[in-house]
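Commentary on secondary and tertiary structure
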Amino acid sequence: MFKISVLFGDSPIMDPTKIAPGFERSEIPTELIINPLMTDHDWVARKKEILGWGLPPIKVSSHWFSHPCNTPDADWDALEFFTKRTLKRLGDLGVETAGIYGLFFKKPKDASDKKAIEQAIRYANLLGDEAKKNNMNIALEPMANPETLFPTYKEGIEFVRKVNHPQVRVMADLNYFLKNKESFDVIKEEPSWNLHCHVAGNAPEGAQPNVGGIRDIHKAFFKVLRETHFEGAVSCACPWINTGTGAFNLTAETAKTLQYMQDLRTEVYAE
């Protein structure tokens, strides 16, 4: 049975100390809280601060650094330094799966540009090697962006096959499945390669999963996770909006979402 997770995201309202208790896992935004240029001495204090937020076990990260790894101006010395230092620090926090944006892997303008493909595979292998040193895995995130190497989940699987590194797999983000109109059944083709999942609601600017009336879609997605014996985490990875009266209350909103996720998971696994 999958675990219910919450992404401590990039909005100012996402005070990690205000998240409702009861989530089984948490996900942290790498670029926003990990500074690889920080000295090891200062990292000790920063690590203590992060662990002091009282989050559920921090098992997943997302929001990787934004500059693509396979453009002509890619700085490999910098990439190696940032990657090694960042994954080491994520490992220090207990992260087991590091999510890497599809945007980090740029689709070359010229389809015959073998160098760009080789660089992408080289970088994915670097990620895998460093993840292994820190007892972690890498989840590449297809993002429904045609300017990336793997906009769909299926293309993500194809890229991972080319990389051929045991630590490098994929992430299933429901939003991007919907944008691509991609069948959830593609997850069944390589069940063990799905390391982590994201879900959200349905609103113009995004919202938490219990907003927007897409319960049936979530249920269908959860059924596939049940059928594929997925044991990882499903993160509520979304902007958060106010569904109550008065001022926004993160504790109340995350509690509502947690209850929604728990109820729906129970229903799916009882069938």
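Shown above is the structure to which this text applies.
All of these numbers come straight from a predicted model, not from anything done at the bench.

1. Describing the nonpolar core
- Residues Phe105, Tyr123, Phe221 and Phe222 are the most contacted members of the largest nonpolar core, which totals 72 residues.
- If sequence neighbours within four positions are ignored, Tyr123 has contacts with Trp64, Cys69, Trp76, Leu79, Thr83, Phe104 and Phe105.

2. A few points about the sheet that holds strand E6 (residues 168–173)
- Strand order in the closed barrel formed by 8 strands is E1-E2-E3-E4-E5-E6-E7-E8, with parallel pairing between adjacent strands. The average angle at which neighbouring strand axes cross in this sheet is 30 degrees, direction not considered.
- Bridge analysis of E6 against strand E7 (residues 194–199) gives 4 bridges, and the strand direction is parallel. Each residue of the ladder has a partner; that of Met171, found in E7, is His196.
- Sitting on the sheet, helix H8 (residues 215–227) touches E6, E7 and strand E8 (233–236), and the angle it makes with E7 is about 170 degrees.

3. Regarding the layout of surface pockets
- In this structure, the largest pocket spans a volume of roughly 610 Å³.
- Around the largest pocket, the lining is made up of 28 residues, and of these Asn175, Tyr176, Ala237, Cys238 and Pro239 lie nearest the centre.
- Partitioning the lining of the largest pocket into residue classes produces 14 nonpolar, 9 polar and 5 charged.

4. Digging into the pattern of salt bridges
- Across all of its chains, the model carries 19 salt bridges by this definition.
- A salt bridge links Lys219 to Glu271, with the shortest nitrogen-to-oxygen separation between them at 2.9 Å. Of the two residues, Lys219 sits in helix H8 while Glu271 sits in the segment after helix H9 (250–270), which places them 52 residues apart along the sequence.
- By relative accessible area, which is 16% here, Lys219 ends up buried.
- Salt bridges sharing common partners tie together Asp185, Lys188, Arg215, Lys219, Lys223, Arg226, Glu227, Glu267 and Glu271.

5. Focus on the packing of helix H3 (residues 76–92) against helix H4 (residues 114–133)
- Where H3 contacts H4, the axes come no closer than 9 Å and their chain directions differ by 30 degrees. Taken together, the axes of H3 and H4 are roughly parallel relative to one another. For the pair H3 and H4, the sense of crossing is right-handed. Mapping the contact onto sequence places Trp76, Leu79, Glu80, Thr83, Lys84 and Leu87 in H3 and Gln119, Arg122, Tyr123, Leu126, Leu127, Glu130 and Ala131 in H4.

6. Quick notes on empty space enclosed by the protein
- According to the stated counting rule, one finds 1 cavity of 30 Å³ or more in the structure shown.
- Taken as a whole, the largest cavity encloses approximately 40 Å³ of empty space.
- Elements represented by at least two residues in the lining of the largest cavity include exactly E6 and helix H6 (174–180).
- Its residues assigned to classes, the lining of the largest cavity shows 7 nonpolar, 2 polar and 2 charged.

7. Quick look at unusual backbone geometry
- The phi torsion at Ala144 lies on the positive side, around 55 degrees, for a residue other than glycine.
- Secondary-structure assignment places Ala144 in the loop between strand E5 (137–141) and helix H5 (153–163).
- Despite not being glycine, His229 shows a phi value in the positive range, around 55 degrees.
- With respect to the helices and strands, the residue His229 is situated in the loop between H8 and E8.
- Given a relative accessible area of 64%, His229 falls into the exposed group.

8. A word on the side chain of Arg46
- By secondary structure assignment, the location of Arg46 is in helix H2 (residues 40–51).
- Apart from the residues within four sequence positions on either side, Arg46 is in contact with Leu32, Ile33, Met38 and Trp53.

9. What to know about H5
- Of the positions making up H5, those classed as buried are Tyr153, Gly156, Ile157, Phe159, Val160 and Val163. Viewed end-on, H5 has its buried residues packed into an arc of 165 degrees, placing them on one side of the element.
- Considering only its buried residues, H5 is in contact with H4, E5, E6, H6, helix H7 (186–189) and E7.
- Residue Asn164 follows H5 closely and has a positive phi angle near 55 degrees.

Thresholds applied
Residues numbered from 1 in each chain as written. Predicted model: local features only at pLDDT ≥ 70, side-chain atom pairs only at ≥ 80, totals over all residues. Heavy atoms only, no water. Core = buried A, V, L, I, M, F, W, Y, C linked by side-chain atoms within 4.5 Å. Buried < 20%, exposed > 50% of the residue type's maximum accessible area, 1.4 Å probe, protein only. Contact = heavy atoms within 4.5 Å. Pairing = 2+ DSSP bridges. Helix = DSSP H or I, 4+ residues; strand = E, 2+ residues; numbered from the N terminus. Axes fitted to C-alpha atoms, helices over the stretch in contact; angles between N-to-C directions. 1 Å grid on protein atoms, 1.4 Å probe; cavity = no way out; pocket = protein on both sides within 12 Å on 5 of 7 lines; lining within 4 Å. Points joined across faces, edges and corners; volume = space filled by probe spheres on them. Nonpolar A, V, L, I, M, F, W, Y, C, P; charged D, E, K, R; others polar. Salt bridge = Lys/Arg side-chain N within 4 Å of Asp/Glu carboxyl O. Parallel < 35°, antiparallel > 145°, perpendicular 65-115°, else oblique. Left-handed = near helix turned anticlockwise from the far one by under 90°. Arc of directions from axis to C-beta.

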